Amino acid sequence: MLKNKIKLTFSILLIVTVIGCNTKDKNKESTKNTQKAPSQNVLSAVIDSINSEINNGDYGLIDRFMVIQNNELLADYKYDQDYKTIVQKYDTTNHQYNFNNTDWHPYYKKSELHTLQSVTKSITSILLGIALDLNEDYNVSNKAMPLLNGYDADFQDKRKQNISIEDLLTMRSGLQWNEETDHNDHTNDCFLLEASDNWIEYVLSKPMDTMPGTKFVYNGGGTVLLGKIIRTITGKRIDKWAEEKLFEPLGITDYYWKETPDGEIDTEGGLYLKAEDLVKIGSLFLNKGKWDGKQIVSENWVATSTSPLLKNVKPHWKSVTGYGYQWWVPEYTDNGKTNIYSANGYGGQYLMITPEHNLIIVFNGWNINAEPEKSTYRVLQDRIIPALKHK
């Protein structure tokens with residue numbers, strides 16, 4: 001095992017306080033820097049415990065675990081997994097949407113770029129916010145269909161013509177959509193979308209089953225439409241828009257974004273970033289849309305995106321979860337104040353933020369073929385915040 005000193009550049013200062021390591025053997029305990037600042041001591045025991053449980057396999061296949069508080073990097077653990085061996089019993093056909101092909105998942109072609117899956121949706125929302133900030137002729141109340149011209153789709157149903165940008169942002173388009181089954185289920189609309197030649201036409205061809213704005217149904221197809229709407233508003237494909245308006249200002253120089261067969265960009269799950277750069281997205285939001293003194297996305301967009309505009313959208317989940325503009329709100333008060341917000345992705349991609357404690361955690365994982373004993377999604381609520389409250 002190796003012990004690293006890792007430095008991340010943030011808008012306020014250079015992060016130099018480190019607990020870092022590369023884990024070369026999952027069965028061996030990770031080493032850590034014992035030179036801790038006082039602010040780290042509160043969380044060090046619980047972080048060590050979580051790291052130990054990851055090494056023991058309690059959380060399944062985890063690739064990265066980071067904790068940042070008050071702009072200090074408190075923990076950065078990397079875990080090496082032998083995915084080549086793990087996936088041998090599955091279909092490993094070389095295709096960008098075969099999640100068991102190791103050229104594509106979880107890392108892009110042996111690089112440090114990790115698949116984000118539906119965390120991509122939250123970043124798409126940021127890019128739409130920037131587009132609306134800079135183009136006052138458009139807002140979330142605009143109808144979506146006039147911004148999606150040129151596609152062979154049935155618009156006879158008046159309900160479809162009434163879908164607004166905000167309906168797409170909040171997963172209330174009213175389109176008939178099934179994304180709640182296993183991804184490899186051939187009736188799953190996400191599977192069918194990713195297998196289609198024209199993604200936008202696939203989404204637009206879906207019939208309506210409810211009035212827009214009335215019912216939450218998780219729908220990655222709606223985010224695909226948002227990506228095209230960004231192109232209509234800005235005149236730029238979303239990857240170019242992202243590079244100019246988000247990635248370059250934040251110093252994100254290395255990324256990969258899947259392209260669809262019709263020449264669009266996969267805005268529902270196709271983005272790959274380094275974990276360090278995903279932390280920058282979290283820092284941007286903690287700083288209310290500012291980076292290095294510059295307003296990248298409006299404070300209002302950040303606040304609205306991370307508010308529980310919809311409450312208790314997943315009643316079968318353990319916690320009462322809200323939803324904003326493509327951001328989840330795992331914990332909020334009765335009066336709607338957000339305690340935690342998060343960007344969540346298939347396989348265990350989590351960017352979780354708690355403003356009260358000025359804290360960010362990032363997990364990358366790839367639990368797609370088996371359910372682990374414990375979920376990293378609960379680490380912030382069940383382990384880290386209780387430790388902070390009882391310091």
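All residue numbers refer to positions counted from 1 along the written sequence of the respective chain. A pLDDT threshold of at least 70 governs which residues receive local features in this predicted model, and a stricter bar of 80 or more applies before side-chain atom pairs are shown or counted, although totals over entire chains, interfaces and linings include all residues. Note that water and hydrogens are dropped before the side-chain values are worked out from all heavy atoms of the structure.

### Some details on the overall build of the protein
Helix and strand definitions here come from DSSP, where helices need a minimum of 4 consecutive H or I residues and strands a minimum of 2 consecutive E residues; each element is numbered from the N-terminal end. Looking only at helices and strands, the protein features twelve helices and 15 strands. Within the protein, the proportion of its 391 residues that are buried is 58%. Considering only residue pairs separated by 6 or more positions, the protein has 61% of its internal contacts joining residues 24 or more positions apart. To be clear on the numbers: accessible area is Shrake-Rupley with a 1.4 Å probe, and residue cover counts the displayed protein chains and nothing else. Summing over all exposed atoms, the protein offers an accessible surface of approximately 16400 Å²; the carbon and sulfur share of this is 45%. Whether a residue is buried, partly exposed or exposed follows from its accessible area with a 1.4 Å probe, protein chains only, as a fraction of its type maximum: under 20%, in between, or over 50%, in that order. Residue contacts follow a heavy-atom distance rule, with two residues in contact if any of their heavy atoms lie within 4.5 Å.

### Re the nonpolar core
Membership of the largest hydrophobic core comes to 70 residues, with the highest contact counts inside it found for Leu 127 and Leu 246. In terms of residue count, the dominant contributor to this core is helix H3 (residues 119–134) (eight residues). Those residues in contact with Leu 246 that lie beyond four places of it in its chain are Ile 123, Ile 126, Leu 127, Ile 130, Trp 241, Ile 281, Leu 284 and Ile 296. If you look at the next biggest cluster of nonpolar residues, it comprises 25 residues, including Tyr 79, Ile 340, Phe 363 and Leu 380. The criterion is simple. A nonpolar core is a set of buried Ala, Val, Leu, Ile, Met, Phe, Trp, Tyr and Cys residues joined through side-chain atoms within 4.5 Å.

### Re the side chain of Asp 76
Position of Asp 76 among the secondary structure elements: in strand E5 (residues 72–79). Taking relative accessible area as the criterion, Asp 76 reaches 0% and is therefore assigned buried. Nitrogen and oxygen atoms within 3.5 Å of one another constitute a polar contact, given that in protein one can donate a hydrogen and the other can accept it, and given that sequence-neighbouring residues count only through two side-chain atoms. There is a polar contact of 2.6 Å between the side chain of Asp 76 and the side chain of Arg 64.

### As for the environment of Phe 191
Locating Phe 191 in the fold gives a position in helix H6 (residues 189–195). In the structure, Phe 191 is positioned 13 residues away from Asn 178 in sequence and 9.8 Å away in space, judged by C-alpha atoms. Ignoring any residue separated from it by four or fewer positions in sequence, one finds Phe 191 in contact with His 183, Asn 184, Asp 185 and His 186.

### Considerations on the pairing of strand E12 (residues 328–332)
Most of E12 is tucked away: four of the five residues are buried. Any two strands with at least two DSSP-identified bridges between them are counted as paired. In the sheet, strand E11 (residues 322–323) pairs with E12 via two bridges, with the strands oriented antiparallel. Residue pairing across strands places Tyr 323 opposite Trp 328, the latter belonging to E12. In this antiparallel pair of consecutive strands, E11 and E12, the connection spans four residues, and Gln 326 shows a positive phi of 70°. Two elements, E12 and strand E13 (residues 338–345), share three bridges in a ladder whose sense is antiparallel. Among the inter-strand pairings, Trp 328 is bridged to a residue of E13, identified as Ser 342. If you look at the hairpin formed by E12 and E13, you'll find five residues sitting between the two strands, and Gly 336 has a positive phi there, around 90°.

### Thoughts on the packing of H3 against helix H9 (residues 238–250)
Running from N to C, H3 and H9 point in directions that differ by 75°, and their axes come no closer than 10 Å. Comparing their axes, H9 and H3 come out roughly perpendicular. Contacts between H3 and H9 pair Ile 123, Thr 124, Ile 126, Leu 127, Ile 130, Ala 131 and Leu 134 from the former with Ile 238, Trp 241, Ala 242, Lys 245 and Leu 246 from the latter. Classifying every residue of the contact of H3 with H9 by side-chain character gives ten nonpolar, one polar and one charged. Note on definitions: angles span 0 to 180 degrees between N-to-C directions of axes, and those axes are lines fitted to C-alpha atoms, for helices only across the stretch in contact. For classification purposes, angles smaller than 35 degrees are called roughly parallel, those larger than 145 roughly antiparallel, those between 65 and 115 roughly perpendicular, and all remaining angles oblique. The nonpolar class holds Ala, Val, Leu, Ile, Met, Phe, Trp, Tyr, Cys and Pro. Asp, Glu, Lys and Arg form the charged class, and all remaining residues, Gly among them, are polar.

### Brief notes about the packing of aromatic side chains
Stacked, tilted and edge-to-face are the three classes applied to pairs of Phe, Tyr and Trp rings, where Trp contributes its six-membered ring and a pair requires centres within 6.5 Å; stacked means planes under 30 degrees apart, edge-to-face means over 60, and tilted covers the rest. Within the structure shown, the criterion is met by 24 aromatic pairs. The interplanar angle of 55° and the centroid separation of 6.0 Å between the aromatic rings of Trp 104 and Tyr 256 together place this pair among those described as tilted. Separated by 152 residues along the polypeptide, Trp 104 in the loop between helix H2 (83–86) and strand E6 (114–115) and Tyr 256 in strand E7 (residues 256–257) bring together distant segments of the chain. Ring centres of Phe 285 and Trp 327 lie 4.7 Å apart, and the angle between their planes is 25°; on these two criteria the pair is classed as stacked. Taken as a pair, Phe 285 in helix H10 (residues 275–286) and Trp 327 in the loop between E11 and E12 lie far apart in primary sequence, 42 residues in all.

### Brief notes about the sheet that holds E6
Within the open sheet, the three strands sit side by side as E6-E8-E7. Their pairing is antiparallel. The outermost strands of the open sheet, each flanked by one partner alone, are E6 and E7. With two bridges joining them, E6 and strand E8 (residues 271–273) adopt antiparallel strand pairing. Considered in E8, the bridge of Thr 115 is made with Tyr 272.

### What to know about the side chain of Lys 206
Topologically, Lys 206 is positioned in the loop between helix H7 (199–204) and helix H8 (220–234). The buried category is assigned to Lys 206, whose relative accessible area is 14%. When residues no more than four places from it in sequence are discounted, the contact partners of Lys 206 are Lys 160, Leu 175, Gln 176, Trp 177 and Asp 189.

### Quick notes on helix H12 (residues 379–389)
Residues Val 379, Leu 380, Gln 381, Ile 384, Ile 385 and Leu 388 constitute the buried set of H12. Down the axis of H12, the buried side of the element spans an arc of 150°, and every buried residue falls inside it. As used here, the arc belongs to the directions running from the helix axis to the C-beta atoms.

### Details of H3
For H3, which comprises 16 residues, the first-to-last C-alpha distance of 24 Å matches the rise-based estimate of 22 Å (1.5 Å per residue) to within 8%. Across the 16 residues that make up H3, a large majority, 14, are buried. Given a helix with a known number of residues, its expected span is that number minus one, times 1.5 Å.

### A few points about the environment of Asn 312
Turning to its location among the elements, Asn 312 is positioned in the loop between helix H11 (299–305) and E11. The partly exposed category is assigned to Asn 312, whose relative accessible area is 36%. Spatially, the C-alpha atom of Asn 312 lies 10.0 Å from that of Phe 216, the residues being 96 residues apart in sequence. With residues up to four places along the chain from it excluded, the contact list for Asn 312 reads Val 320, Thr 321, Gly 322 and Tyr 332.

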